[in-house]
Amino acid sequence: MTAVMTGIFAVLLALSVPVGYALIIAAGTAILFHGGTPTVLAVVKLFQPTQSFPLLAIPFFILSGSLMMSGTLGQKLVQFAAALVGRFHGGMGQVTVVGSTIFGGVSGSAVAEASALGSMLIPWQKREGYPAGFAAAVTASSSTIAGLIPPSIPLILYSTVSNASIAALFSAAVLPGLMLAAGMMLVCYLSGRIRNFPRLTDQTHLRSVGKSILSALPALLMPFFIVVLLRAGIATPTEVSVIAVFYALVVSLIVYRDLTWARLHEALVGTVITTGIVMLVITASSLVGHVLITERVPTIVAQWAQDTLVNAILIILMMNIIMLVVGMFLDLPAAILLLGPTFVAIGHAIGMDPIQLGVMVCINLSIGLFTPPIGTTLFIGAAIARVPIGAVVKELWPFYLVAFIVLILMSYVPALTIY
């Protein structure tokens, strides 16, 4: 069944069939071809994941992010980032990285972040004299920090396939997220200094920094607010997501007073569409998982890795290479749901903590979002900047280097994620 399913899936992807539909068709055809699973059971397996209470956190976190990012708060965040780092070499690139880190604590989605921040910052950087390819590269790479800073949608998805604690995953991912941000800011600084990029000169006063911090405080508090509630056991992830929506409504209605019926409608429609896409992939992956588990593929692969590679260092390297390749062609949610069960089994076999593995998986597959040929944030950045993909990729190599260094550290230094 697995061979039939893999072959059909590869053909459908080559024909540009959406991933969710390709997975359902491939797995369904394999089940019918094999004939060992009743059709009714296959349908049950298809819809069973949608009944998961923790998955309710996904639409609520998406909605809270949409409500906060679409209003005045987005402008306040950019002003805060500009006041904080705009005066340094490569300052406008650093503004994008700082903005991405903060927006990641609001949206939890790299794609949403690349679209929202890119539409504001890429044209601004181009007007100030930054190369369009560099502006797009900073947005494409730094937006993936949202996959690590709570509330991270990829980490929630990983928890569904690994049964790992969402609270522990959120806490463990903060440090690597900040390490990525620091490394990318260093790249922007060095690029600005070497290539003599323009610098902002009107953001030098401490008073402007203090004022902008107060204006952006509601967004700055969001990730800490989420982690504290989860780690203290005050609320479950789903309950926290509902509280986050209430928090976003209060901020928009009372603090900034910019919530309109049109914004609310747009946020709700966007949430429904995004949630529908994610849930389609989740249901499809459940059917694929049934095929793989029926044929004991995760167990067989884990045993093969142990017998062939022997060394845990080589096994982790193998997992990283596989994820890097898969991430170049599959969207992050689909890749997590497809590879997760097998890699959790391998991690268990070599004694790797599932929390460390989850952070490693999310960093690795996030790199695929700005890697050709099918990097989502890469395409978004290039489209907004109106430059060819090649021009953006040429500017991305130092950002790849930072991402790989952080990935290696998270893969082989458990103390950075388990504390």
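Structure shown above.
Below: a short report on this structure. Within each chain, residues carry numbers counting from 1 in the order of the written sequence. Where totals are concerned, whole chains, interfaces and linings use all residues; where local detail is concerned, this predicted model gives features only for residues with pLDDT of at least 70, and gives and counts side-chain atom pairs only at 80 or more. Side-chain numbers here rest on the full set of heavy atoms in the structure, without hydrogens or water.

Within this model, the largest pocket holds a volume of roughly 1,200 Å³. Where helices and strands are cited, they refer to DSSP runs of H or I of at least four residues and of E of at least two residues respectively, numbered from the N terminus. Listed by contribution, the elements that provide at least two residues to the lining of the largest pocket are α2 (19-34), α4 (57-69), α7 (110-127), α9 (153-162), α13 (261-294) and α16 (332-349). The greatest single-element share of the lining of the largest pocket, amounting to 9 residues, is contributed by α13. Here the lining of the largest pocket is built from residues that sort into 26 nonpolar, 13 polar and 3 charged. In this model, the second largest pocket occupies a volume close to 510 Å³. Using protein atoms alone on a 1 Å grid, points that fit a 1.4 Å probe yet trap it form a cavity, whereas open point sets bounded by protein on both sides within 12 Å along at least five of seven lines form a pocket; residues with an atom within 4 Å of a point count as lining. Together, 20 residues line the second largest pocket, and Thr6, Phe9, Val326, Leu338 and Leu339 are the ones closest to its centre. Elements with a contribution of two residues or more to the lining of the second largest pocket: α1 (2-14), α2, α13, α14 (297-309), α15 (312-327) and α16. Here the lining of the second largest pocket gets 6 residues from one element, more than from any other, and that element is α1. Nonpolar residues are Ala, Val, Leu, Ile, Met, Phe, Trp, Tyr, Cys and Pro. Charged residues are Asp, Glu, Lys and Arg, and all others, Gly as well, are polar. Its residues assigned to classes, the lining of the second largest pocket comprises 17 nonpolar, 3 polar and no charged. Grid points are joined across faces, edges and corners, and a volume is the space filled by probe spheres set on the points.

This part takes up the environment of isoleucine 384. Along the polypeptide, isoleucine 384 turns up in helix α18 (residues 376-385). Overall, the relative accessible area of 24% leaves isoleucine 384 in the partly exposed class. Along the backbone, isoleucine 384 and asparagine 196 are 188 residues apart, and their C-alpha atoms lie at a distance of 24 Å. Note on contacts: a residue pair is in contact if any heavy atoms of the two residues lie within 4.5 Å. With sequence-adjacent residues up to four places away left out, isoleucine 384 is seen in contact with Ala114, Ser115, Gly118, Ser119, Ile122 and Pro123. Type-normalised accessible area, obtained with a 1.4 Å probe on protein chains alone, sets the label of each residue: buried when under 20%, exposed when over 50%, and partly exposed for intermediate values.

Now for the nonpolar core. One broad trend across soluble globular proteins is that nonpolar side chains are buried collectively. Ranked by size, the top nonpolar core spans 139 residues in total, and within it Ile58, Met319 and Phe399 carry the most contacts. Per-element accounting of this core gives the leading share, 12 residues, to helix α10 (residues 166-195). Not counting chain neighbours up to four residues away, the residues in contact with phenylalanine 399 comprise Phe134, Ala137, Val138, Ser141, Met184, Val187 and Cys188. Nonpolar cores were defined as sets of buried Ala, Val, Leu, Ile, Met, Phe, Trp, Tyr and Cys residues, with membership established by side-chain atoms within 4.5 Å.

The subject of this paragraph is the pattern of salt bridges. A carboxyl oxygen of Asp or Glu within 4 Å of a side-chain nitrogen of Lys or Arg is what we treat as a salt bridge. One pass over the full model with this rule turns up 2 salt bridges. Where arginine 195 meets glutamate 395, a salt bridge forms, and the shortest distance between an N and an O atom there is 2.8 Å. With a gap of 200 residues between them, arginine 195 in helix α10 and glutamate 395 in helix α19 (residues 389-412) connect regions that are remote in the sequence. With relative accessibility at 38%, the residue arginine 195 sits in the partly exposed group. For glutamate 395, a relative accessible area of 15% puts it in the buried group. As a salt-bridge pair, aspartate 258 and arginine 263 come within 3.1 Å of each other at their nearest N and O atoms. We note that aspartate 258, like arginine 263, is buried.

It is worth spelling out the side chain of serine 152 at this point. Assignment of secondary structure puts serine 152 in the loop between α8 (132-142) and α9. At 3.2 Å, the side chain of serine 152 forms a polar contact with the backbone nitrogen of leucine 155. Any pair of N or O atoms that falls within 3.5 Å is considered a polar contact. Within protein, one atom must be able to donate a hydrogen and the other to accept it, and sequence-neighbouring residues count only if both atoms are side-chain atoms.

What follows is about the packing of aromatic side chains. The rule is short: rings of Phe, Tyr and Trp, with Trp giving its six-membered ring, pair when the centres are within 6.5 Å, and they are stacked under 30 degrees, edge-to-face over 60, tilted in between. A full pass over the atoms with the stated rule returns 6 aromatic pairs. Here tyrosine 130 and phenylalanine 197 contribute two aromatic rings whose centre-to-centre distance is 4.8 Å and whose plane-to-plane angle is 40°, an arrangement assigned as tilted. Note that tyrosine 130 is positioned in the loop between α7 and α8 and phenylalanine 197 in the loop between α10 and α11 (206-231), a separation of 67 residues in sequence. Here tyrosine 130 and phenylalanine 197 have matching classes, each one buried. Between phenylalanine 134 and phenylalanine 399, the ring centres sit 6.2 Å apart and the planes meet at 50°, which makes this aromatic pair tilted. With a gap of 265 residues between them, phenylalanine 134 in helix α8 and phenylalanine 399 in helix α19 connect regions that are remote in the sequence. Assessed through its relative accessible area of 0%, phenylalanine 399 is described here as buried. Here the aromatic residues Tyr130, Phe134, Phe197 and Phe399 are joined through ring pairs into a cluster of three or more.

Residue proline 150 is joined to proline 151 through a cis peptide bond whose omega torsion reads 5°. Among the secondary structure elements, proline 151 is positioned in the loop between α8 and α9.

Looking now at the environment of isoleucine 25. Looking at the secondary structure, you find isoleucine 25 in helix α2. Under the relative-accessibility criterion, isoleucine 25 is labelled partly exposed at 40%. Between the C-alpha atoms of isoleucine 25 and leucine 169, which are 144 residues apart in sequence, the distance is 32 Å.

Before going further, it helps to examine empty space enclosed by the protein. All chains considered together, the criterion is met by 2 cavities of 30 Å³ or more. Quantified by volume, the largest cavity comes out at close to 50 Å³. Every element with two or more residues in the lining of the largest cavity is listed here: α10 and α17 (354-367). If you tally residues by element for the lining of the largest cavity, the top one is α17, at 3 residues. Reported here for the second largest cavity is a volume of approximately 30 Å³. Lining the second largest cavity are 10 residues; nearest its centre among them are Leu67, Met68, Leu73, Ser252 and Tyr256. At the level of secondary structure, the elements contributing two or more residues to the lining of the second largest cavity comprise α4, α5 (72-85) and α12 (237-255).

Before going further, it helps to examine α14. Compared with the 18 Å implied by 1.5 Å per residue over 13 residues, the 17 Å span of α14 between its first and last C-alpha is a close match. Along α14, the residues classified as buried are Val297, Pro298, Ala302 and Ala305. Taken end-on, α14 shows its buried residues confined to a sector of 130°, consistent with a single buried face. Looking one or two residues beyond α14, the residue adopting positive phi is valine 310, at roughly 65°. Multiplying 1.5 Å by the residue count of a helix minus one yields the expected span of that helix. Summarising the geometry, the arc corresponds to the directions from the helix axis toward the C-beta atoms.

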